[in-house]
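# Notes for the structure review
The lines below spell out each chain.
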Amino acid sequence: MLRKWKLIASLGLTAAGAVATGIAVLLQKLPKESAQETSPAAGTARLITGAYSFISGFQDAVTVEMLLDYDPEKLSFAIVEDEFLSYTSDSHVAIMYGEDFNLQFEYAGYYDGEDFAAHSRALLERHPTGGGIICGALQGVWVLDGDNVTIHFPIPDDKHSYLLVTVQKTPDYDDEVTTLPAYTPLRELLSTIRFRKL
């Protein structure tokens, strides 16, 4: 009987020790697991939204706002009234600086009687290097214009203006500037563009 009691006591102590060890291990793991749950997943960027607004039209003028999402650790965004990347007659443009490319966003007006289809045809006739581009919901055209690529996107339900994006490659981009319209990071950025009328 004494032997059985000692065996039971020994087993009980062993079990208690295992439970205590398990609790200690669990307590050590809990803070790490909690930290993983509250931190963003690896490779997930925290995007912020940039906004650029302008007046479109004349007698029936409306304010149009372009919005796009970007990673502030990789790109900067600002509205400027001078020191443009490329010549413009607009009063203000949006500028983005990045590692591989810099961008200038501006509004541009159609000629009288022109729409985006006519504008695209004329553009591709003047510039032999270019083609179509699709970025998310946007379908436009791009052309090589000097040392830059310009991308032209129609603005939904706007008969007066379109969006002109001038793309410059940086010294860190080690390919031809004409490859930028197919460059995934640029296309992903442009795919976040949307418009709203204020």
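The rules behind the values
Residues numbered from 1 in each chain as written. Predicted model: local features only at pLDDT ≥ 70, side-chain atom pairs only at ≥ 80, totals over all residues. Heavy atoms only, no water. Helix = DSSP H or I, 4+ residues; strand = E, 2+ residues; numbered from the N terminus. Buried < 20%, exposed > 50% of the residue type's maximum accessible area, 1.4 Å probe, protein only. Contact = heavy atoms within 4.5 Å. Areas by Shrake-Rupley, 256 points an atom, 1.4 Å probe, with all protein chains shown as cover. Pairing = 2+ DSSP bridges. Axes fitted to C-alpha atoms, helices over the stretch in contact; angles between N-to-C directions. pLDDT = per-residue confidence, 0-100. Phe/Tyr/Trp six-rings, centres within 6.5 Å; stacked < 30°, edge-to-face > 60°. Patch = residues over 30% accessible without salt bridge, like charges linked within 9 Å, V, L, I, M, F, W, Y side chains within 5 Å. Salt bridge = Lys/Arg side-chain N within 4 Å of Asp/Glu carboxyl O. Lys, Arg positive; Asp, Glu negative; His and termini not counted. Charge placed at Lys NZ, Arg CZ, Asp CG, Glu CD.

## Examining the overall build of the chain
When its secondary structure is counted, the chain shows 3 helices and 10 strands. Starting at the N terminus and ending at the C terminus, the chain contains elements arranged as α-β-β-β-β-β-α-β-β-β-β-α-β. Out of the 198 residues belonging to the chain, those deemed buried represent 37%. For the chain, the proportion of contacts with a sequence separation of at least 24, taken over those separated by at least 6, is 50%. Just so you have it, the chain exposes about 12600 Å², and 55% of that area is on carbon and sulfur atoms.

## Quick notes on the sheet that holds strand 3 (residues 76-80)
Taken together, the 7 strands give an open sheet; going across it, the order is 3-4-5-9-8-7-6, and neighbouring strands pair in antiparallel fashion. Two strands lie at the open edges of the sheet, namely strand 3 and strand 6 (130-135), each paired on one side alone. For this sheet, the mean inter-axis angle between neighbouring strands, taken without regard to orientation, is 25°. Helix 2 (residues 116-126) rests against strand 6, strand 7 (138-145), strand 8 (148-154) and strand 9 (161-169) of the sheet, and its axis sits at about 25° to strand 7.

## Some words on the sheet that holds strand 1 (residues 48-56)
With antiparallel pairing, the 3 strands of this open sheet are ordered in space as 1-2-10. This sheet does not close on itself; its edge strands, each paired only once, are strand 1 and strand 10 (194-197). For this sheet, the mean inter-axis angle between neighbouring strands, taken without regard to orientation, is 25°. Pairing of strand 2 (residues 62-70) with strand 10 involves 4 bridges; the strand directions are antiparallel. Bridge assignment links M66 to a residue of strand 10, and that residue is F195.

## Quick notes on the confidence of the model for the chain
Chain-level pLDDT for the chain is 83 on average; 78% of the residues reach the 70-or-more range. Scored below 50 in pLDDT, residues 1-42 shows 1 contact in the model against residues more than four places distant or in partner chains.

## Quick notes on the packing of aromatic side chains
If you walk through the whole model with that rule in mind, you get 6 aromatic pairs. On the basis of an interplanar angle of 40° and a centroid distance of 5.5 Å, the ring pair of Y52 and F54 is categorised as tilted. Taking relative accessible area as the criterion, Y52 reaches 0% and is therefore assigned buried. Judged by centre distance (4.9 Å) and plane angle (10°), the ring pair of F54 and Y107 falls under stacked. Linking F54 in strand 1 with Y107 in strand 5 (residues 101-109), this pair joins segments that are 53 residues apart in sequence. Both residues of the pair, F54 and Y107, count as buried.

## A word on the side chain of H92
Mapped onto the elements of the fold, H92 is located in the loop between strand 3 and strand 4 (93-97). With sequence-adjacent residues up to four places away left out, H92 is seen in contact with Y52, S53, F54, I79, V80, E81 and Y107.

## Quick notes on a negative patch on the surface
Among the surface-exposed residues, E99, D172, D174, D175 and E176 lie close enough to one another that they form a single negatively charged patch. Within the secondary structure, D175 sits in the loop between strand 9 and helix 3 (184-190). With a relative accessible area of 38%, D175 lands in the partly exposed category.

## Brief notes about the pairing of strand 2
Inspection of the sheet shows strand 1 paired to strand 2 by 9 bridges, in the antiparallel sense. Note on strand 2: the bridge partner recorded for S56 is V62. Between the end of strand 1 and the start of strand 2, which pair antiparallel, lie 5 residues, with G57 showing a positive phi angle near 100°.

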